[in-house]
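Report on the structure
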Amino acid sequence: MKYASELLKGTTKNLILAVLSGGELYGYQIVKAIREQSGEELEFGEGSVYPALHALERDEYLSSHWVPQDGSPDRKYYTLTPKGKLVLKAALLEWKSFSGAVGKVFENVALLVRAG
Amino acid sequence: MKTLSPKLLLLVEQVVKRAQSGNEEQADDLRREMLSHFFEEERELLLQGHSQKEVISMVTQRFGDIEEVGKQLYMVQRRFEHLPLIGSLLYYRPVLMAVKLFFVHLLLFFLIAIVPIDYFFDRFLGKVGVWDFFVQFQNSFPVFILFFAGIGEGVVFAKGSNCKLLIEAFILSYVPILFFVFFSLLDDLFMKRGFFDASTFLVFLCIAFFQGLGLLIGLYFYKKLREKKK
């Protein structure tokens, strides 16, 4: 499903933190993990993951290291830092509360639409 | 090692170019990461049975707007993410570097202006009897200073930059002075208040020439040193 790009823009960093909570991943694996874990629902420009990754690394929410590969280009693996884990926890709480609030409003609207 | 198809290699370079941090280490890092991304995706799609042509089209489409990705990467690398307006203004990297160089030039002019060079010559060298030579030296002293300062700039600013960028930035850094000359020339032509001084303009030209020459020498030595280290 195609979601508004603005919706995805605001959540890319949190999505990255979320998929990295399962362990270290490299760029393309992160893209795939988001796609697969969303049940192929989230379609976004794969390139937009990299500025988000670099910003998270700059803010010390992620750390990275290069792993040489045989017969293919080296991979840059990203890992959540303790600071990143805290941010992810906060983001999850915020998201739960936010989506709950938005859900309540939409439920009310849905009732009105059905009644009307 | 299997390499990427030329079209995808070009895509990698386009992303790196648009991110144009100007820092060679950052650019190399980004290039390696993009190579890995496109390589993995290309391999996966080929294994799924897509033709090379289809793969290129799919990879390009999936990656999204290169211009936007490059700009966002630049903003992150330059730490202007939270200042989008300034970030956009300085997206053209030589401008940022030119601003830095301009302030270095201002500092140098200030230092030259406060060095009590007259006193030094009068007090110590005037008595030696080689006065004429040193008067000449004194007159060209700022040029010597700026020549050596240029070498220093070349070495310092070359770190993590490329030659084209540095030369462009150096020329841009003199734009404010050229503006000053231009407006004083206009003033001289129309208002006739006598602000324009051709000799001052020539001095600036001379300074810019020697400083630029120093910068090129510094840049040359830095590159040689780097190659040796590699």
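The coordinates are above.
Below is a short write-up of the structure. Worth saying up front: this structure is predicted, and the values here are computed from it rather than measured. (Residues numbered from 1 in each chain as written. Chains lettered and ligands numbered in written order. Predicted model: local features only at pLDDT ≥ 70, side-chain atom pairs only at ≥ 80, totals over all residues.)

**As for the overall build of chain A**
- Along its length, chain A carries five helices and three strands.
- Taken from N to C terminus, the helices and strands of chain A fall in the order α-α-β-α-α-β-β-α.
- Taken over 116 residues, chain A has a buried fraction of 28%.
- Within chain A, contacts between residues separated by at least 24 positions form 50% of all contacts whose residues are at least 6 apart in sequence. (Helix = DSSP H or I, 4+ residues; strand = E, 2+ residues; numbered from the N terminus. Buried ≥ 20, exposed ≤ 12 C-beta atoms within 10 Å, placed from the backbone. Contact = placed C-beta atoms within 7 Å.)

**Quick word on the interface of chain B and chain A**
- Counting residues at the interface gives 21 residues for chain B, matched by 18 residues for chain A.
- Broken down by secondary-structure element, the contributors of at least two residues to the side of chain B that touches chain A are α2 (24-47), α3 (52-63) and α4 (66-77) of chain B.
- Considering every element that reaches the side of chain B that touches chain A, the biggest residue donor is α2 of chain B, with eight residues.
- Looking at the side of chain B that touches chain A residue by residue, the class counts come to eight nonpolar, five polar and eight charged. (Nonpolar A, V, L, I, M, F, W, Y, C, P; charged D, E, K, R; others polar.)

**Examining the sheet that holds strand β1 (residues 25-26) of chain A**
Residue and element names in this part refer to chain A.
- The three strands are arranged β1-β3-β2 in an open sheet whose pairing can be described as antiparallel. Of all strands in the sheet, those bounded by a partner on one side alone are β1 and β2 (62-67).
- Pairing geometry for β2 and strand β3 (residues 75-80), over six bridges, is antiparallel. Of the residues in β3, the one forming a bridge with H65 is Y77. (Pairing = 2+ DSSP bridges.)

**A word on the pairing of β3 of chain A**
- Both β1 of chain A and β3 of chain A contribute to a ladder of two bridges, which runs antiparallel. In the sheet register, Y26 of chain A faces β3 of chain A, and the bridge partner there is Y77 of chain A.

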